[in-house]
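Descriptive analysis of the structure
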Amino acid sequence: MTVQITAPGFWQSEFAVRFRRNRNAVAGSIIVAFVVLVAVFGPFVAPYAYDDTDLLGTWAEPSREHLLGGDQLGRDILSRLIVGARVSLLVAISVLSITLAVGILMGMIAGYFGGWADGLIMRTSDIIFAFPELIFAILVAAVMGPSKLTVIVSLSIVWWPGIARLTRALVLQLRNELYVDAAIACGTGPFTILFRHLLPNIVAPLIVRASIGVGFIVMAEATLSFLGIGVQEPEPSWGGMIRDGLVGLRTDPYLALFGSMALGLAIIGFNLLGDGLRDLLDPKIRDR
Amino acid sequence: MLTYAMRRLLGLVPVLAVAVVLTFIAIQAIPGDPILIMLSDQSADKALAARLRAEYGLDLPLWQQFLNYIRGVATGDFGKSFRFVGVPVIDVIKDALMISPVLALAATALAVPVGVIVGVFAALRRNSWADTTVILVLIAGISIPNFALSAFLVFIFAVKLGIVPVAGWGTLEQAVLPVTILAVPPAAYIARLSRTYMLEVLQQDYIRTARAKGLSRRLVVYRHALRNTLVPLLTTIGIIFGGLLSAAFVVETIFNIPGLGRMAIQAIFSRDYPVTMAIVLLFTAFYALINLLVDVLYGVIDPRIRLGGGPT
């Protein structure tokens, strides 16, 4: 008789079981998975090129040729929504990577070393927090001029202080733990302690924070593009498409309505997933 | 109490000082010579350029320009518009001044009661289908951007049903859609928080005591629980106002409302940077003042805050 010993796989782990019981998390991850799949593979199967204009087919009604209709230049709305998903996610991923890298580093330095570095970093974040988010982004946009890079830079400037504050608070909680003292006693350098010993212990709340942030970043990018200071033509962005669509809402509502549906659904998906992850990983963190 | 308020007011000074410095740097950092842009096809006219440069104070050394800028801002003079040559910024924006704050206040006045009622309703029916539905609607309300919501609501209520006008400003009907759209995210946010707070409060000992001594459920909910739910909500007013000021840019643009938000966006595109920066400064100051008011008010209600140095 053989006894089979298997370590419980991921799908049997406590986390996975609780995840599957959380309806919000499941619904959110299905929507997010769909949006990510569309963003990654969609452009290869999109029926038309996103900048393929057809001046005879401007504001075309949905039909077999153009499933969701055409926009003001006769470009296929479906194809542009698909490419728009990719643009939106690329901006979100860029902003998220920059804010996480900068925010975690700054938060760790502030929390671990304290002193003037802490003061400098925290006062800087106070100043950024003193501006309403979008208004700071508009200030940056006015200086840099409208572009995709402007969106990434301005949203990164607005977002890193939140990550830094959270990281700092988490590091402050842990820095007097015995294993940190032990590492110091062994002669371990401060950055090894920070990244090897502390980072793994604070990663869960940071994941929660990041996942909640994605929905807001997607919304902020769309808002800036809607106002015309974000992603520029001919590159499609959901925000810009809705702006163009609102002009023709009275007679040709498809662009505005389908664009709004895509954007709304994507953000709902990210927020459902973020909320679900928060419930699962860190019940202490509440809204922003 | 007064010392606390004064301390908070003093704390505002560095924030506003930095905002003033940042906007000055931003105007300097913008590429291109504003005078040449202003003159466009007459840019060869050296004498005219020199005169304009002197009129705008741009011929002075940078440090002197900076001092003038600070002195101007302190006295409510934001310089002259680049787009409307020679016109003071304050004259360009003065008609628009009150519209964004009025919109924000109207939206708050609508959002707070609706949010609290919905939140309490959901909390009292925890885990029922009604609660689940409300939670889903709230997530949608927070998630769907205001311009996407505008597309749906304008299409249904203005284009299809024709109940309200598509855009414009001045009559009550024209304000219905913008105010409603502004109110949706804060109402959803407040509802979500009041549901959470209500659930927490309902588990407190004093609620059990009140029930045990024979008070009706209704009385316990409205007399004891609701009051304690409302107090922490006050701190969210600051966050909500920040969101509403940002949303004003979008909603004013969509509905063609001549407020500061739409004006700031137009000023960016017409490269009228003094106007843009004045509006950024005004919004920041307004936002800081609202947050200050909320903190002080919270200190009045809850003495623990004053001693602790501010709400976390």
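Structure's up top.
For the structure given in this document, a descriptive report is provided here. Just so you know, these numbers come straight off a predicted model, no measurement behind them.

Digging into the overall build of chain B
- Secondary structure summary: chain B contains 15 helices and zero strands in total.
- A compact globule built from 312 residues should have a C-alpha radius of gyration of about 20 Å, whereas chain B, at 24 Å, is more than 25% larger.
- By the burial criterion, 47% of the 312 residues in chain B qualify as buried.
- For chain B, long-range pairs separated by at least 24 residues make up 71% of all intrachain contacts whose partners lie at least 6 apart in sequence.
- Summed over its atoms, the accessible surface of chain B is roughly 15400 Å², and 66% of this surface lies on carbon and sulfur atoms.
- Both charge centroids of chain B, one from 25 positive and one from 16 negative side chains, sit 15 Å from each other.

Describing the pattern of salt bridges
- If you walk through the whole model with that rule in mind, you get 14 salt bridges over all chains.
- Among the salt bridges present, the one from Asp118 of chain A reaches Arg168 of chain A, with a minimum N-O distance of 2.7 Å. Here the residue Asp118 of chain A occupies a position in helix H4 (residues 115–130), and Arg168 of chain A occupies one in helix H6 (residues 148–174), the gap between them amounting to 50 residues.
- Classification of Arg168 of chain A as partly exposed rests on a relative accessible area of 23%.
- Linking Asp91 of chain B and Lys94 of chain B is a salt bridge whose minimum nitrogen-to-oxygen distance equals 3.4 Å.
- Taking relative accessible area as the criterion, Asp91 of chain B reaches 37% and is therefore assigned partly exposed.
- Through salt bridges with shared partners, one network takes in Asp71, Arg75, Arg80 and Glu233 of chain A.

What to know about the packing of helix H10 (residues 205–212) of chain B against helix H11 (residues 217–233) of chain B
All names here are of chain B.
- The interhelical angle for the contact between H10 and H11, taken along N-to-C directions, is 160 degrees, at an axis separation of 10 Å. One finds that H10 runs roughly antiparallel with respect to H11. In the crossing of H10 with H11, the sense of the turn from one axis to the other is right-handed. Judged by residue contacts, Tyr206, Ile207, Ala210 and Arg211 of H10 engage Arg217, Val220, His224, Ala225 and Asn228 from H11.
- When the residues that make up the contact of H10 with H11 are grouped by side-chain class, the tally is five nonpolar, two polar and two charged.

What about the interface of chain B and chain A?
- Residue-level contacts link 45 residues of chain B with 44 residues of chain A.
- The interface formed by chain B and chain A holds one salt bridge in total.
- Linking Asp275 of chain A and Arg192 of chain B is a salt bridge whose minimum nitrogen-to-oxygen distance equals 3.5 Å.
- Run the count over chain B and chain A and you get two residue pairs in polar contact (both at pLDDT 80 or more).
- Broken down by secondary-structure element, the contributors of at least two residues to the side of chain B that touches chain A are helix H1 (2–29), helix H7 (129–143), helix H8 (146–160), helix H9 (172–202), helix H12 (236–254), helix H13 (260–269) and helix H14 (273–301) of chain B.
- Split by residue class, the side of chain B that touches chain A holds 34 nonpolar, nine polar and two charged.

Digging into unusual backbone geometry
- Between Glu233 of chain A and the following residue, Pro234 of chain A, the backbone shows a cis peptide bond with an omega angle of 0 degrees.
- By the secondary structure assignment, Pro234 of chain A is in the loop between helix H8 (190–226) and helix H9 (238–247).
- Even without glycine at this site, Trp59 of chain A takes up a positive phi of about 50 degrees.
- Tracing the sequence through the fold places Trp59 of chain A in the loop between helix H2 (23–45) and helix H3 (77–113).
- Looking at Trp59 of chain A, the relative accessible area reads 22%, which means it is partly exposed.
- Of note in this structure, Asn256 of chain B is not a glycine but carries a positive phi near 60 degrees.

As for the packing of aromatic side chains
Residues and elements named next belong to chain A.
- Tallying each qualifying case throughout the model produces 10 aromatic pairs over all chains.
- Their ring planes at 45 degrees and their centres at 5.9 Å tell us that Phe113 and Phe191 sit as a pair that is tilted. In this pair, Phe113 is assigned in helix H3 and Phe191 in helix H8, connecting sequence segments 78 residues apart.
- On the accessibility criterion, Phe113 (41% relative accessible area) is partly exposed.
- Sitting over the ring of Tyr112, Arg175 keeps its end group 4.8 Å from the ring centre.

Thresholds, definitions, all that
- Residues numbered from 1 in each chain as written.
- Chains lettered and ligands numbered in written order.
- Predicted model: local features only at pLDDT ≥ 70, side-chain atom pairs only at ≥ 80, totals over all residues.
- Heavy atoms only, no water.
- Helix = DSSP H or I, 4+ residues; strand = E, 2+ residues; numbered from the N terminus.
- Rg over C-alpha atoms; globule rule 2.2 N^0.38 Å.
- Buried < 20%, exposed > 50% of the residue type's maximum accessible area, 1.4 Å probe, protein only.
- Contact = heavy atoms within 4.5 Å.
- Areas by Shrake-Rupley, 256 points an atom, 1.4 Å probe, with all protein chains shown as cover.
- Lys, Arg positive; Asp, Glu negative; His and termini not counted.
- Charge placed at Lys NZ, Arg CZ, Asp CG, Glu CD.
- Salt bridge = Lys/Arg side-chain N within 4 Å of Asp/Glu carboxyl O.
- Axes fitted to C-alpha atoms, helices over the stretch in contact; angles between N-to-C directions.
- Parallel < 35°, antiparallel > 145°, perpendicular 65-115°, else oblique.
- Left-handed = near helix turned anticlockwise from the far one by under 90°.
- Nonpolar A, V, L, I, M, F, W, Y, C, P; charged D, E, K, R; others polar.
- Polar contact = N/O pair within 3.5 Å; in protein donor to acceptor, adjacent residues only side chain to side chain.
- Phe/Tyr/Trp six-rings, centres within 6.5 Å; stacked < 30°, edge-to-face > 60°.
- Lys NZ or Arg CZ within 6 Å of the ring centre and 35° of its normal.

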